[in-house]
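Summary of structural features
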Amino acid sequence: MSLIYIKNLTRLYQMGTETIHALRDVSLTIEQGEYLAIMGPSGSGKSTLMNLLGCLDTPSSGEFELNGSKVSEMDDNQLAEIRNQEIGFVFQSFNLLARSDALHNVELPLIYAGYPAEERRQMAMAALEHVKLGDRVHHKPNELSGGQRQRVAIARALVNNPSIILADEPTGNLDSRTGVEILSLFEELSVKGNTIIVVTHEEDVARHARRIIRLRDGLIASDAVNENPFTIQSLGREPEHV
Amino acid sequence: MTLGAEITESLAIALAALRANKLRSGLTTLGIVIGIVTVTLMGTAIEGINQSFKKVVSGLGTDVLYVQKFAWFSNDEWWKVRNRRDITLATARAIERQVTMARVVVPEAFSRQTVKHKNRSASSVAIVGTTDQNFLARGFSISSGRFMSAAEAEGGRPICILGADIATKFFRNESPLGEKITIGGNSFEIVGVMAPFDKFLGLGSDNHVLIPITQLKSMFDLRPEVQILVKVLDVKMMDDAREELRGILRKIRSVPPGMPDDFGINQQDAFIQRFNQVGGMLATVGLFITGLSLFVGGIGIMNIMFVSVAERTKEIGIRKAIGAKRRTILIQFLIEAATICLFGGLIGLAIAFPITLVMSKYLSGTMSITVALVGLVVSLVTGVVSGFLPAWRASKMNPVDALRSE
Ligand SMILES: Nc1ncnc2c1ncn2[C@@H]1O[C@H](COP(=O)(O)OP(=O)(O)OP(=O)(O)O)[C@@H](O)[C@H]1O
Ligand SMILES: [Mg+2]
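What comes next concerns the included structure. In this text the structure is predicted, and so the values were computed from the model without any measurement. (Residues numbered from 1 in each chain as written. Chains lettered and ligands numbered in written order. Predicted model: local features only at pLDDT ≥ 70, side-chain atom pairs only at ≥ 80, totals over all residues. Heavy atoms only, no water.)

**With respect to the overall build of chain B**
- The number of helices and strands found in chain B is 14 helices and 10 strands.
- In summary, chain B has a C-alpha radius of gyration of 32 Å against a globular reference of 22 Å for 406 residues, an excess of more than 25%.
- Along the first, second and third principal axes, the C-alpha set of chain B runs to 100 × 60 × 40 Å.
- When the 406 residues of chain B are sorted by exposure, 48% land in the buried category.
- For chain B, restricting intrachain contacts to residue pairs at least 6 apart in sequence, the fraction spanning at least 24 positions comes to 78%.
- Summed over its atoms, the accessible surface of chain B is roughly 19,900 Å², and 61% of this surface lies on carbon and sulfur atoms. (Helix = DSSP H or I, 4+ residues; strand = E, 2+ residues; numbered from the N terminus. Rg over C-alpha atoms; globule rule 2.2 N^0.38 Å. Buried < 20%, exposed > 50% of the residue type's maximum accessible area, 1.4 Å probe, protein only. Contact = heavy atoms within 4.5 Å. Areas by Shrake-Rupley, 256 points an atom, 1.4 Å probe, with all protein chains shown as cover.)

Structure (structure tokens):
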């Protein structure tokens, strides 16, 4: 059984009399543990696909199975549960709660999952230490750098041990150095067996993935294995390569 | 997510949101504060009036029937009843002989006279002529001395019992017992002083003097207007006793069969009924005004909650993306609204309490726990009701759209 199975997935937007085909009949399977990049020009439907995969949005038509359960037939509450248990989101604009400190931000999914206070505190601390922010737990988002904010967001995405980590332009708001930090985190997670899907329009980001899907006008233009994925370890050896 | 955790988390969010917008929350709360001040003051006033009234009424006695010329509350036209014959002392004696269901039968007659003692004088004092059993029917107590004896009631020496006010007016330091006062030119010996009554809005008075009814008749009024107090054996027998009394009176006054009564048998119930009517109307008007001010306060809350939801659309999106259910978001905003209102309620109580202390000088009773609790519950309910629509809107938001908002 595949982790993700989608068939003829379509998402339409009605704008007055005009119908926009954000996604047209997209079919796709993704296996457990894949590191996948979704690419394509602006407006090609990357975010739309991402929102559908993350159960934030429901398709106009088509099938979507996650871990064997039919997501396209679920109600709001079930979708919320799936988002809580199975999905970890990382957004371009971090999307942290501005008034809460890093620890509370990371605890939030656990609060909604119903963990007791002490347990969720420990889990959140562990996740923050994992992204090397053990010394910043009581900082509010505006007291952290962009890279640190994105690491808090990643800790939040990880803390509940989701099946998939979905990242929409995770390095879009970061300079290239900090972007590399984030990508090395993804790489590490991927090595540990996490499933990672990254939406990006930067080739530099996409080349870290093991598989690259390119969208154009809501259709899959190509779906190829990256034969020679770029790793951060190789980054260290870069001078030898050149 | 458990409901307990949900509420704790929501409370924390609500407090943080209130702290972040102190001025705005404060101004919004003002509407609720005013509403709750009105609720509690109105509640205290109504409660106070009821209590005072009950005290006064209990002085009338639940088990006493008042035989008088007219019924207290009747729809008879005045010109039809004005020629009724008087109730007299003889009527009282006749009742006393015939009645079976009464404990005591006591006549009372009234006169206004000038009372003098040495160089002090008071004009237009209520002089009550009655018999030795009056205190059994009226249920008052004597603070010093004694009440009149049966022999005195039948017309022995001229003695009197002073009401508390008169006693303090004439005798500041010395004891009035054994002293003589002049009532309308006749000398009376003081044998007792009555304990003070509870007062109610100036109603009921201790400014009176009790004398034997025979003395009143011979000295001030040969044909006094008499009312007869009939204390019934048991409260449960009120209706039967009333019927018995009615029969006796019709016989004494020879009312032909088929003709309506030419007298009134009054009882506390009639008074209470009328009071409840007036009190009910008062409460309705009060509640309407209160409701109006709370309604205005509630609209303010609703308005601010809509603003709050709109401002925090992104936050709602984030929470939903992370796994918050509709119910969670709904509860979060409901609790926020309820918290604002509860704050308003507490402030309102803090303002209303000293005012009720001042009010208690005129009405019995300050703000009761019940009124305070009702105030808090009302503020809570206002919060939940007015917060519902905004919270509902927040809970229904589509996460993608909410996340996209800035
Ligand atoms: N809420 C919406 N209402 C109407 N049209 C929408 C909506 N969301 C997306 N679209 C349209 O769907 C298409 C795909 O949008 P999408 O956001 O998926 O693009 P994208 O590939 O993520 O682009 P970018 O790289 O700029 O983020 C676009 O044409 C867009 O205008
Ligand atoms: Mg996009």
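**Observations regarding the packing of aromatic side chains**
- Enumeration according to the criterion identifies 4 aromatic pairs over all chains in this entry.
- A centroid spacing of 5.2 Å and a plane angle of 65° characterise the contact between B:Phe135 and B:Phe147, whose relative ring orientation is edge-to-face. In this pair, B:Phe135 is assigned in helix α5 (residues 134-138) and B:Phe147 in the loop between β4 (142-145) and α6 (150-153), connecting sequence segments 12 residues apart.
- The exposure class of B:Phe135 is partly exposed, given its relative accessible area of 33%.
- Considering the side-chain rings of B:Phe388 and B:Trp392, the 5.9 Å spacing of their centres and the 15° angle between planes classify their relative orientation as stacked. Taken together, the positions of B:Phe388 and B:Trp392, both in helix α13 (residues 369-396) and 4 residues apart, correspond to about one turn of that helix.
- Stacked on the ring of A:Phe230, the Lys or Arg A:Arg207 has its end atom at 3.8 Å from the ring centre.
- Its guanidinium or amino end placed over the ring of B:Trp392, B:Arg326 lies 5.9 Å from that ring's centre, counting from NZ or CZ. (Phe/Tyr/Trp six-rings, centres within 6.5 Å; stacked < 30°, edge-to-face > 60°. Lys NZ or Arg CZ within 6 Å of the ring centre and 35° of its normal.)

**Some details on the sheet that holds strand β7 (residues 164-168) of chain A**
Residues and elements named next belong to chain A.
- What the 6 strands build is an open sheet, ordered β6-β7-β8-β3-β9-β10; its pairing is mixed. Whereas interior strands pair on both sides, the edge strands pair on one side only; in this sheet they are β6 (87-90) and β10 (219-225). In this sheet, neighbouring strand axes are inclined to one another by 15° on average, regardless of whether the strands run parallel or antiparallel.
- As defined by bridge partners, strand β3 (residues 35-39) adjoins strand β8 (residues 195-199) across 4 bridges and the pair is classed as parallel. Directly across from isoleucine 38, in β8, lies its bridge partner valine 199.
- Helix α5 (residues 146-158) rests against β6 and β7 of the sheet, and its axis sits at about 170° to β6. (Pairing = 2+ DSSP bridges. Axes fitted to C-alpha atoms, helices over the stretch in contact; angles between N-to-C directions.)

**Description of the site of ligand 1**
- Taken together, the neighbourhood of ligand 1 is formed by A:Tyr13, A:Met15, A:Ala22, A:Pro41, A:Ser42, A:Gly43, A:Ser44, A:Gly45, A:Lys46, A:Ser47, A:Thr48 and B:Arg404.
- Around ligand 1, the nearby residues trace back to chains A and B.
- Contacts to ligand 1 include A:Ser47, whose side-chain N or O atom sits 2.7 Å from an oxygen atom.
- B:Arg404 places a polar side-chain atom, nitrogen or oxygen, 3.0 Å from a nitrogen atom of ligand 1.
- Across the complex, the protein chains shield 69% of the 630 Å² of accessible surface that ligand 1 would expose by itself.
- Where the shell around ligand 1 is concerned, the elements lending two or more residues are β1 (4-15) and α1 (46-53) of chain A.
- Among the elements that line the shell around ligand 1, the one with the most residues is α1(A), at 3 residues.
- The residue inventory of the shell around ligand 1, partitioned by class, reads 4 nonpolar, 6 polar and 2 charged. (Near = heavy atom within 4 Å. Polar contact = N/O pair within 3.5 Å; in protein donor to acceptor, adjacent residues only side chain to side chain. Nonpolar A, V, L, I, M, F, W, Y, C, P; charged D, E, K, R; others polar.)

**Thoughts on empty space enclosed by the protein**
- In this structure the tally under the stated criterion is 2 cavities of 30 Å³ or more.
- Those elements giving two or more residues to the lining of the largest cavity turn out to be α2 (76-86), β6 and α5 of chain A together with α11 (313-322) of chain B.
- Residue contributions to the lining of the largest cavity peak at 3 residues, all from β6(A).
- Of the residues that constitute the lining of the largest cavity, the class distribution is 6 nonpolar, 3 polar and 2 charged.
- Every element with two or more residues in the lining of the second largest cavity is listed here: α1 (3-20), α2 (22-60), α10 (268-311) and α12 (326-359) of chain B.
- Here the element with the most residues in the lining of the second largest cavity is α10(B); it accounts for 3 residues. (1 Å grid on protein atoms, 1.4 Å probe; cavity = no way out; pocket = protein on both sides within 12 Å on 5 of 7 lines; lining within 4 Å. Points joined across faces, edges and corners; volume = space filled by probe spheres on them.)

**Observations regarding the interface of chain A and chain B**
- Of the residues lining the interface, 23 residues belong to chain A; the matching set on chain B comes to 22 residues.
- Area buried by chain A at its contact with chain B is led by A:Leu56, A:Arg99 and A:Tyr112, which between them contribute 33% of it.
- At the junction of chain A with chain B, the criterion picks out 2 salt bridges.
- Of the charged contacts in the structure, one is a salt bridge between B:Arg326 and A:Asp76, with a shortest N-O distance of 3.7 Å. (Buried area = accessible area lost by both parts, 1.4 Å probe. Salt bridge = Lys/Arg side-chain N within 4 Å of Asp/Glu carboxyl O.)

**Re the environment of B:Lys251**
- For B:Lys251, the position within the fold is in helix α9 (residues 238-252).
- At 3.3 Å, the side chain of B:Lys251 forms a polar contact with the side chain of B:Gln98.

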